[in-house]
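# Survey of secondary and tertiary structure
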Amino acid sequence: MNQECMNSATAAEDWAKLVPCSKRALELIEDLFDPNHTNVAMLTREYGLALDMHGGEQTESEKFLKSAVKKYEKIFGKNSPELVDVLFDYAEILSKRGIYKQHGVTVKTYLRALDLLKAQNNFNILEYADRSADVFETLSQVVSTQFTFDQTKNLGLDTLKIYQQQVGETHYKTAKIALNIGKLFLKSDTRRQNHEAIEYFELSLMNEKVAPYGLGFLIEAYDRTDQSELSIPYLQKLAKFRQAHSYQTATQEPIYVPPPQYPRLAEMQGVEGYAVVKFTIDRNGQVQNLELIDEKPVSLGFGRASLQAAEKLKYLPKISEGKFVETLGVTYKYAFKISK
């Protein structure tokens, strides 16, 4: 009866009904079978998923999905491909919760699921690469140590190699994973890894659907590595690309806004503030004639921090009738809010 309740609730998308139905079904099946029976394991997993997706209870969901993993291990063995989907479910809830101490477990669980995926009889390398690319994108958001960074990086590089071999350099999937690898490197505070990001952003330019995003991040990478002059050709390419894919003339818009550094004196006092700067933009999208016009509170360094950040602002060059337009003499303003 409760299985019918679950099925009807799912068919009707009555999620408020699904969670209690799943709970009751699990309670009944636990009374009938051994704790490690297949039916108990299956319903433990389904209840854990319902708690997350339709009950909003991530803590409880994690508990039941972890229990489901243990049950599947006892039934099928720790190296069975039968564990793949339940491991992915458990890893996903861990990544959603985003608890620092669990990041290592999240990475380990995802990588274990991918390893078992390879052991399935109907293994398909492209389907594996697609799953791996999704995992890489998720893990890129939760890496918190050098160890998890390295594991995630290696996963991305392995996936990129598969796509290069299977679908080629210019395919959307190849370009997208290259873009995401570059973004991972750009998250690092080290200059060396910021440099490494450039190679992958350049690779992402080989597909026209991914290229606009790759151009924007490539410009940021050159700026972070103090090679701002090398970003000019890419700013111009981005401007032409935007114009070619739009019925409107390209207009000035910021495509890279570096965060200003929180002033040390303000940080010590726990004070937040803002500053407004004005400037002109040359035909390459570079900031010129920079000037501070307002800052509050004064004398705590917000103005100086904003000026330093504004020097690195990158604007999309303005194009009219296929030619770059000189914009010096036109004044632009930008406000930086600086907080913790």
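Higher on the page you've got the structure.
These figures come from a predicted structure and were not determined experimentally. (Residues numbered from 1 in each chain as written. Predicted model: local features only at pLDDT ≥ 70, side-chain atom pairs only at ≥ 80, totals over all residues. Heavy atoms only, no water.)

## Re the environment of Val40
Threshold: We count a stretch as a helix when DSSP gives it H or I for four or more residues in a row; a strand needs E for two or more, and each element gets its number in order from the N terminus. Accessibility here uses a 1.4 Å probe with only protein chains present; expressed as a share of the type maximum, an area under 20% marks a residue as buried, one over 50% as exposed, and anything in between as partly exposed. Between two residues, a contact is recorded if the distance between any of their heavy atoms is within 4.5 Å.
Position of Val40 among the secondary structure elements: in helix H3 (residues 38-53). The exposure class of Val40 is buried, given its relative accessible area of 0%. Taking the C-alpha atoms as reference points, Val40 and Leu87, 47 residues apart in sequence, are found 16 Å from one another. Here Val40 is in contact with Leu26, Ile29, Glu30, Phe33, Asp34, Pro35 and Lys71, once residues within four sequence places are set aside.

## Side note on the pattern of salt bridges
The criterion, for reference: Should a side-chain nitrogen of Lys or Arg be within 4 Å of a carboxyl oxygen of Asp or Glu, the pair is scored as a salt bridge.
Evaluated as defined, the whole model comprises 15 salt bridges. Between Arg191 and Asp226 there is a salt bridge; the shortest N-O distance is 3.1 Å. Remark: Asp226 occurs in the loop between helix H11 (211-224) and helix H12 (232-244) and Arg191 occurs in helix H10 (residues 191-204); sequence separation between them is 35 residues. On the accessibility criterion, Asp226 (53% relative accessible area) is exposed. With its nearest N and O atoms 2.5 Å apart, the salt bridge here joins Arg192 to Glu196. Residue Arg192 and its partner Glu196 are located together in helix H10, separated by four residues, close to a single helical turn. Salt bridges sharing common partners tie together Asp52, Glu92 and Lys96.

## So, the sheet that holds strand E3 (residues 287-296)
Here is the rule we go by: Each pair of strands is called paired provided DSSP finds at least two bridges between the two strands. Between N-to-C directions, angles span 0 to 180 degrees; the directions come from axes that are lines fitted to C-alpha atoms, helices contributing only their stretch in contact.
The three strands lie next to each other as E3-E2-E7, forming an open sheet whose pairing is antiparallel. Looking at which strands have only one partner, the edges of the open sheet turn out to be E3 and strand E7 (332-338). With direction set aside, neighbouring strand axes in the sheet form an average angle of 25°. Running at roughly 155° to E3, helix H14 (residues 302-310) makes contact with strand E2 (273-281), E3 and E7 of the sheet.

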